[in-house]
Amino acid sequence: MPPTVESSATPLPGPATSPGDHAGIVVRGVTRSFGAVRALDGVDLDARPGRVTALIGPNGSGKTTLLLVLAGLLVPDAGHVRVGGHDPVTDGPAARALTGWMPDAFGTWDSLTAREVLTTYAAAYRLPREAARTRAAELLETVHLTEYADRPASVLSRGQKQRLGLARALVHSPRVLLLDEPASGLDPRSRVDLRELLRGLAAQGSTVLVSSHVLSELDELVDDAVFLSRGRTVTPHGLAGGAPVRRTWRLRALSYGALTRWLTSTGSQWRPDDDVPPPGSPDDLPDDPPGGVLLEVDGDAGAAQLVRDAVGAGVPVTSLAPVGGELEQAYLTLDEERR
Ligand code: ADP
Ligand code: MG
């Protein structure tokens with residue numbers, strides 16, 4: 001699935017969604033403070049059934065706080081929340097029954113085996129003993145932990161614990177999944193597995209909300225993206241339409257010397273592309289090898305113009321491509337300071 005950033009997930013002007021009118025996640029104007037820190041400062045969000053929605057923001061932007069509110073583990077100061085049509089504050093048991101929650105760190109279950117963690121959870125959700133055993137075995141298989149089923153959860157690696165945490169969140173076949181940084185600590189193979197698992201759950205109609213501050217984890221995984229910045233939902237420049245997005249592009253040519261001399265003569269700001277030799281000044285180079293540069297370009301139209309101008313000036317251009325994924329570029333335009 002190609003990475004897509006759909007502006008429908010961001011609070012754009014348009015037909016207002018009335019609270020609770022879909023079976024996914026609806027958040028309107030939610031605030032939550034910890035002492036003087038306003039962790040959530042009026043968040044709006046929709047995560048729809050059948051889609052994987054990313055909750056993206058730098059450290060401290062309020063992702064975990066929001067997920068805790070949705071999981072019914074933290075009461076908001078104000079605002080409106082619906083999870084699968086239920087209010088986690090006033091209708092907690094009903095909301096929790098259909099919500100799977102995976103925290104960012106696996107709790108202390110040191111004395112239990114991986115299998116016992118799952119059967120214990122299944123019992124808490126009142127699955128009959130036999131069904132619980134079957135479900136646990138099935139989920140251990142799904143997250144590739146069958147081999148570790150009867151070892152203490154404490155011996156698992158961080159990535160294995162993450163996978164057990166995911167299995168735990170799925171024990172009661174929830175229709176809404178809340179995952180806090182689920183890909184952190186996973187090796188590349190496990191990330192692909194995670195992606196396939198979440199896509200499969202969405203295809204069956206589940207609502208999946210997954211937070212991350214590592215954009216490369218989310219590209220190719222998500223359908224919609226919601227950006228959090230200082231406890232508010234924000235629309236990155238460019239996602240809401242309007243002005244073209246200024247982003248970094250990689251321009252390569254058969255002659256690094258010709259490319260950089262031309263760029264300099266036009267007054268363009270550029271920097272060497274460290275991925276492509278040669279580094280250093282073109283004047284220091286004995287001959288004229290191919291090479292590339294990175295530069296900022298305004299939108300696709302700007303990129304097209306750049307190619308026309310370069311080719312027109314006789315630069316032997318071989319390629320021009322944007323650097324980084326679409327989510328990453330959108331994220332960078334937030335121009336957000338970490339806190
Ligand atoms: P994120 O998950 O996006 O990194 P958090 O939701 O964990 O962000 O935190 C948002 C802000 O709220 C941060 O400034 C954080 O320090 C603060 N915060 C979160 N939880 C608590 C808490 N239990 N007590 C005090 N401050 C908190
Ligand atoms: Mg967090």
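Source: prediction; values computed, not measured.

### Some words on the site of ligand 1
And then number 1: The local shell around ligand 1 holds 12 residues, among which Gly 60, Gly 62, Lys 63, Thr 64 and Thr 65 are the closest.
And then number 2: Here an oxygen atom of ligand 1 and a backbone polar atom of Gly 60 are 2.7 Å apart.
And then number 3: With the chains in place, 61% of the 560 Å² that ligand 1 exposes on its own is no longer accessible.
And then number 4: Breaking the shell around ligand 1 down by element, the ones donating at least two residues are strand S2 (37-47) and helix H1 (63-70).
And then number 5: Examining the composition of the shell around ligand 1, we find that three residues originate from one element, H1, more than from any other.
And then number 6: Its residues assigned to classes, the shell around ligand 1 comprises four nonpolar, six polar and two charged.

### Considerations on the sheet that holds strand S9 (residues 232-234)
And then number 1: Strand order across the open sheet formed by six strands is S5-S6-S7-S3-S8-S9, with mixed pairing between neighbours. Each edge of the open sheet carries a strand with a single partner, namely strand S5 (99-102) and S9. In this sheet, adjacent strand axes meet at a mean angle of 25° when their direction is disregarded.
And then number 2: Direction of pairing for strand S8 (residues 224-229) relative to S9: antiparallel, over a ladder of three bridges. Within S9, the residue paired with Ser 229 across the bridge is Arg 232.

### Here we look at unusual backbone geometry
Residues other than glycine predominantly adopt negative phi, and peptide bonds predominantly adopt the trans conformation.
And then number 1: Its identity as a non-glycine residue notwithstanding, Arg 126 has a phi of 65°, on the positive side.
And then number 2: Positive phi is not limited to glycine here, since His 144 has a value of about 60°.
And then number 3: By the secondary structure assignment, His 144 is in the loop between helix H4 (129-142) and helix H5 (158-170).
And then number 4: Using a relative accessible area of 48% as the deciding quantity, one classes His 144 as partly exposed.

### A few points about the packing of aromatic side chains
And then number 1: Under the counting rule described, the total for this entry stands at one aromatic pair.
And then number 2: Both rings, one in Tyr 121 and one in Tyr 125, keep their centres 6.5 Å apart while their planes meet at 45°; by these two values the pair is tilted.
And then number 3: For Tyr 121, a relative accessible area of 24% translates into the label partly exposed.

### A few points about the environment of Ala 95
And then number 1: Counting through the fold element by element, Ala 95 comes out in helix H2 (residues 92-97).
And then number 2: On a C-alpha basis, the gap between Ala 95 and Gly 84 in space is 6.9 Å, while along the polypeptide they are 11 residues apart.
And then number 3: Apart from residues no more than four positions distant in its own chain, Ala 95 is found in contact with His 86, Asp 87 and Pro 88.

### Notes on the confidence of the model for the chain
And then number 1: Predicted confidence across the chain gives a mean pLDDT of 83, with 81% of residues reaching 70 or more.
And then number 2: Across the chain, the secondary-structure element scoring lowest on mean pLDDT is helix H9 (residues 326-332), at 69, and the one scoring highest is H1, at 97.
And then number 3: Throughout residues 1-20 the model reports pLDDT below 50, and contacts reaching past four residues in sequence, or to other chains, amount to 38 contacts.
And then number 4: Segment residues 237-241: pLDDT under 50, and 12 contacts once partners within four positions in sequence are set aside and those in other chains are kept.

### Some points on H1
And then number 1: The buried fraction of H1 amounts to six of the eight residues, a majority that puts the element mostly inside the structure.
And then number 2: For H1, the full list of buried residues reads Lys 63, Thr 65, Leu 66, Leu 67, Val 69 and Leu 70.
And then number 3: Downstream of H1 by a residue or two, Gly 72 has a phi angle that is positive, lying close to 80°.

### What to know about the pattern of salt bridges
And then number 1: This model, assessed by the stated rule, comprises 12 salt bridges.
And then number 2: In this structure, Asp 46 and Arg 28 form a salt bridge, with 3.1 Å as the shortest nitrogen-oxygen distance. In this pair, Asp 46 is assigned in strand S2 and Arg 28 in strand S1 (residues 25-34), connecting sequence segments 18 residues apart.
And then number 3: On the basis of relative accessible area, Asp 46 is assigned to the buried category, the value being 14%.
And then number 4: A salt bridge links Asp 41 to Arg 232; the nearest nitrogen and oxygen atoms lie 3.2 Å apart. Of this pair, Asp 41 sits in strand S2 while Arg 232 sits in strand S9, placing them 191 residues apart in sequence.
And then number 5: Each of the salt bridges in this network shares a partner with another, and the network as a whole consists of Arg 38, Asp 41 and Arg 232.

Quick notes on the rules
- All chains use their own residue numbering, which begins from 1 and follows the written sequence.
- Whichever chain is written first becomes A and whichever ligand is written first becomes 1, with later ones labelled in order.
- Local features are withheld for residues below a pLDDT of 70 in this predicted model, meaning they are given only at 70 or higher, and side-chain atom pairs are given and counted only at 80 or more; totals for whole chains, interfaces and linings count all residues.
- Heavy atoms from the whole structure form the basis of all side-chain values; hydrogens and water molecules are not counted.
- When at least one non-hydrogen atom of a residue lies within 4 Å of a molecule or strand, that residue is treated as near it.
- What qualifies as a polar contact is a pair of N or O atoms within 3.5 Å, subject to a donor-acceptor requirement within protein and to the restriction that residues adjacent in sequence count only when both atoms come from side chains.
- The protein chains shown are the only cover counted for residues, whose accessible areas, like all others here, come from Shrake-Rupley with a 1.4 Å probe.
- Strands are runs of DSSP state E lasting at least two residues, helices are runs of H or I lasting at least four, and both sets are numbered from the N terminus onward.
- Following the grouping adopted for this structure description, the nonpolar residues are Ala, Val, Leu, Ile, Met, Phe, Trp, Tyr, Cys and Pro, the charged ones are Asp, Glu, Lys and Arg, and the polar ones are all others, Gly among them.
- At least two bridges found by DSSP between two strands is the condition for calling them paired.
- In this analysis, axes come from line fits to C-alpha atoms, helices being fitted only over the stretch in contact, and the angle between any two N-to-C directions falls in the range 0 to 180 degrees.
- Throughout, exposure labels follow a simple rule: accessible area from a 1.4 Å probe, protein chains only, divided by the maximum for the residue type, with under 20% read as buried, over 50% as exposed, and the rest as partly exposed.
- Paired rings are identified among Phe, Tyr and Trp, the last through its six-membered ring, by centres lying within 6.5 Å, and are further divided according to the angle between planes into stacked (under 30 degrees), edge-to-face (over 60) and tilted (the rest).
- Whether two residues are in contact is decided by their heavy atoms, any of which lying within 4.5 Å being enough.
- The predictor reports its confidence for every residue as pLDDT, a score running from 0 up to 100.
- A carboxyl oxygen of Asp or Glu within 4 Å of a side-chain nitrogen of Lys or Arg is what we treat as a salt bridge.

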